[in-house]
Amino acid sequence: MSMSEGQSATVTVGAALAEALARAGVKIAFTVPGESLLGLLDGLAANKIRIVTTRHEGAASFMAEAVAQLTGRPTLVLAGRAPGAANLAIGLHAAFADSAPVIAIVGQVRREVRGREAFQEMDLVRTFEPMVKWAAEAKEPGEVAALGEKAVATALRGRPGPVLLSVPEDLLDLQVTGEPHPGVRVEHQADPDPALIRKVLHLLLDARRPLIVAGAGVLRARSTDALVRFAETLQVPVVASWRRGDVFPNDNPLYLGMTGLGSSASVRVRMEEADAILALGCRMGEMTTYRYSVPGAETRWAQVDAEPRAVALPHGPEIVMAADVAAFLRLAQRALANAALDAAGFDARRLQNVTDREAFDAGSVVGEEAWDGPGVHPGRVVATLARVLPAEAILTTDAGDFGTWAARGYRFRRPGTFLGTTSGAMGYGLPAAIGATLARPGRLGVALAGDGGFAMTMAELETAVRERAHVIAIVFDNGRYGMIWRHQTQRGAPGGLATRLGAVNFAAIAEACGALGLAVNSDEEFEPALRQAMESGRPALLHLALDPRWTTPDHLPSAVAADVETDEVATAVEWAETGEVADVADVGEIPEVTETPESVADESPEATTETPPEVAEESAAEPAMEPAAEDSAPEPTYDRSEPQPAE
């Protein structure tokens, strides 16, 4: 009988910790297994927590970060001692930037040799404290399970984020008497102050050019539909914060784009013209505010967020509200139901909004430039993706200039369909796509990456095959670290120092891992290859040859052609012209899965959020390529109905 059934029992520390994590809502764990955590692995399996083995701890932490960011639920990542912990750091840094509740548990050396420079010893708490919300090391067997529960509660409280628990190896196999626990209880914020809500509404209603900047807090609160109703009631346009382009339906006429790298010039202009801004679920970081240049000194603004923080802007917000976004929108809509709104003023807003949307549409077209050079046109690739991919496909992106084309030209139609870490880490795209498809079985994950970033985690192609993850990796190969090369040339220095890369046949590597690998030489070849990948029934990779003269939508080849040697162009497309990959028919079918893992995502986020059916019902543990019929759920939609008075 388990401890959660109301009776104490004598179990190992590892089993007690695993049960505490399961009781707290953990459904899936990512790891490169280490001998210091074997006692915990046994407990996780016994408690039906799915264990996904990866090729590198950094990739494991990216996968955990993606699942936690997408679902809002605590997600586990495990590593053994100092080397494994060091490899986790990149994903924990990303989880902190993205407010993702990742629970990192790291094995520590035995207590008897602690502090003696034992093999792979590190002061894990002091090392990781600056990049996580909370870090602790267990000292006694009786406290381990309680520390695990505290870790989950801390990760979920307020602004979510990563935590780390260090557990000495000798503790996990010791016996401990477990007592029943009530489980993790996350403290919910009280409803926001009605007086502050009225002040925010007056700020927007009294303005001539108001604007809402919506961030990840809206997505975590499952409040996109509520935001659509709020924006349409007030006729206030919405801009998405950097790398949160799925926070608002991009086809809604009130959507004016995403800020930051790759954004249309119209986005910054509109932010600078705003006389009032509501930062909703958004921290107004450096990338979103164009290096803290907006809002300007003349712009009044308010911030509503779970944990508002001071920002390095020209001036702070005049209204600061620590509130759950869902609660704020619910109460604000209720207040508006009884408000008398100026019809003439709203007509003027509607006309201006049409003009603003036209400017955004005109400035965000990609793929229409004339091009007959080697390789693909990145804008045309993005335009094809936007046209061919299903609305529920989850797009992930790595770091690099290639991502600016999607930032400007792709259109997200549903929430929860984009993952791009605001930490700017390379190597994120493929692991994030794998994690996303495990969290949302039956959905397609499409990873966009450059050749530099993709090579950092490409070993996870084998993980995708083994886990039957429905992913397509799209690699833009220009034979260099392109963004850094661009910065070199912008400094007036010759490009190429430490940025050139050799040719890699990524398609052949995919085939060697059991995935479908296709080389794409030209724009005409891309769509057929994409459709073949979508229909293949297994993980796939499209290796795109990219002329290195392509950088961002604002730096077209004609403007930089003189800076690139002819032989560099030829090198960048070498694999597209001469590389050979195995024929698709030469690779055997993926073996059948004989055992179905237990559910890892069958519980919805906390009750204070407005949760659509897919979040409550989709499972992260069912085989991603063949979801069970009873586990399928309605796809998320944006509610475009007329605003209704709150009950």
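Definitions and limits used
Residues numbered from 1 in each chain as written. Predicted model: local features only at pLDDT ≥ 70, side-chain atom pairs only at ≥ 80, totals over all residues. Heavy atoms only, no water. Pairing = 2+ DSSP bridges. Helix = DSSP H or I, 4+ residues; strand = E, 2+ residues; numbered from the N terminus. Axes fitted to C-alpha atoms, helices over the stretch in contact; angles between N-to-C directions. Contact = heavy atoms within 4.5 Å. pLDDT = per-residue confidence, 0-100. Phe/Tyr/Trp six-rings, centres within 6.5 Å; stacked < 30°, edge-to-face > 60°. Lys NZ or Arg CZ within 6 Å of the ring centre and 35° of its normal. Salt bridge = Lys/Arg side-chain N within 4 Å of Asp/Glu carboxyl O. Buried < 20%, exposed > 50% of the residue type's maximum accessible area, 1.4 Å probe, protein only. Polar contact = N/O pair within 3.5 Å; in protein donor to acceptor, adjacent residues only side chain to side chain. Core = buried A, V, L, I, M, F, W, Y, C linked by side-chain atoms within 4.5 Å.

In space, the 6 strands of this open sheet follow the order β11-β10-β9-β12-β13-β14, with parallel pairing throughout. Each end of this open sheet is capped by a strand with a single partner; those strands are β11 (255-258) and β14 (319-322). Within the sheet, the average angular offset between the axes of one strand and its neighbour, ignoring direction, is 15°. The pairing of strand β12 (residues 276-280) with strand β13 (residues 300-305) spans 5 bridges and is parallel. Counterpart to Leu-278 in the pairing with β13 is Ala-302. Lying over the sheet, helix α9 (residues 224-234) contacts β9 (210-214), β10 (238-240) and β12, oriented at roughly 175° with respect to β9. Contacts from helix α12 (residues 343-363) reach β9 and β11, with the element oriented near 35° to β11.

A word on the confidence of the model for the protein. Here the protein averages 85 in pLDDT, while 82% of its residues score no lower than 70. In this model residues 1-7 is a low-confidence stretch, pLDDT under 50, and it forms 15 contacts with partners more than four residues away in sequence or in other chains.

A few words now on the environment of Leu-37. Among the structural elements, Leu-37 can be located in the loop between β2 (28-31) and α2 (38-46). Distance from Leu-37 to Gly-14, taken between C-alpha atoms, is 8.3 Å for residues 23 residues apart in sequence. Residue contacts for Leu-37: discarding those within four places in its chain leaves Leu-78, Ala-79, Ile-105, Val-106, Gly-107 and Leu-172.

So, on to the packing of aromatic side chains. Enumeration according to the criterion identifies 10 aromatic pairs in this entry. Over the aromatic face of Trp-485 sits the side chain of Arg-480, whose NZ or CZ is 4.5 Å from the ring centroid.

Below, the discussion takes up the pattern of salt bridges. All chains considered together, the criterion is met by 24 salt bridges. Here Asp-547 and Arg-549 are joined by a salt bridge, their closest N and O atoms 2.7 Å apart.

A separate point is the environment of Arg-300. By secondary structure assignment, the location of Arg-300 is in strand β13. For Arg-300, a relative accessible area of 40% translates into the label partly exposed. A polar contact is formed between the side chain of Arg-300 and the side chain of Glu-318, at a distance of 2.9 Å.

What follows is about the nonpolar core. The biggest cluster of nonpolar side chains holds 55 residues, and the ones touching the most others in it are Phe-30, Leu-92, Val-102, Leu-164, Ile-434, Phe-454 and Leu-541. In terms of residue count, the dominant contributor to this core is helix α3 (residues 57-71) (8 residues). In contact with Leu-541, not counting residues within four places along its chain, are Phe-454, Leu-461, Ala-473, Val-475, Phe-506, Ala-507, Ala-510, Leu-516, Gly-517 and Leu-518.

Let's shift gears to the sheet that holds strand β15 (residues 394-397). Spatially, 6 strands are ordered β16-β15-β17-β18-β20-β19 in an open sheet, and the strand pairing comes out parallel. Here the strands that pair on one side only, and so sit at the sheet edges, are β16 (418-419) and β19 (516-520). In terms of strand pairing, strand β17 (residues 445-450) meets strand β18 (residues 471-477) through 6 bridges, oriented parallel. Its bridge partner being in β18, Val-446 is matched across the sheet by Ile-472.

Let us now look at unusual backbone geometry. The step from Val-294 to Pro-295 runs through a cis peptide bond, and the omega angle for that step is 5°. Inspection of the secondary structure puts Pro-295 in the loop between β12 and β13. A positive phi is found at Arg-222, a non-glycine position, where the angle reads about 50°. Examined against the element boundaries, Arg-222 turns out to sit in the loop between α8 (216-220) and α9. In this structure Arg-222 comes out as buried when scored by relative accessible area, which is 13%. Positive phi values are uncommon outside glycine, yet Met-284 reaches one of about 55°. The residue Met-284 is located in the loop between β12 and β13 in this model. Judged by relative accessible area, which is 0%, Met-284 ranks as buried.

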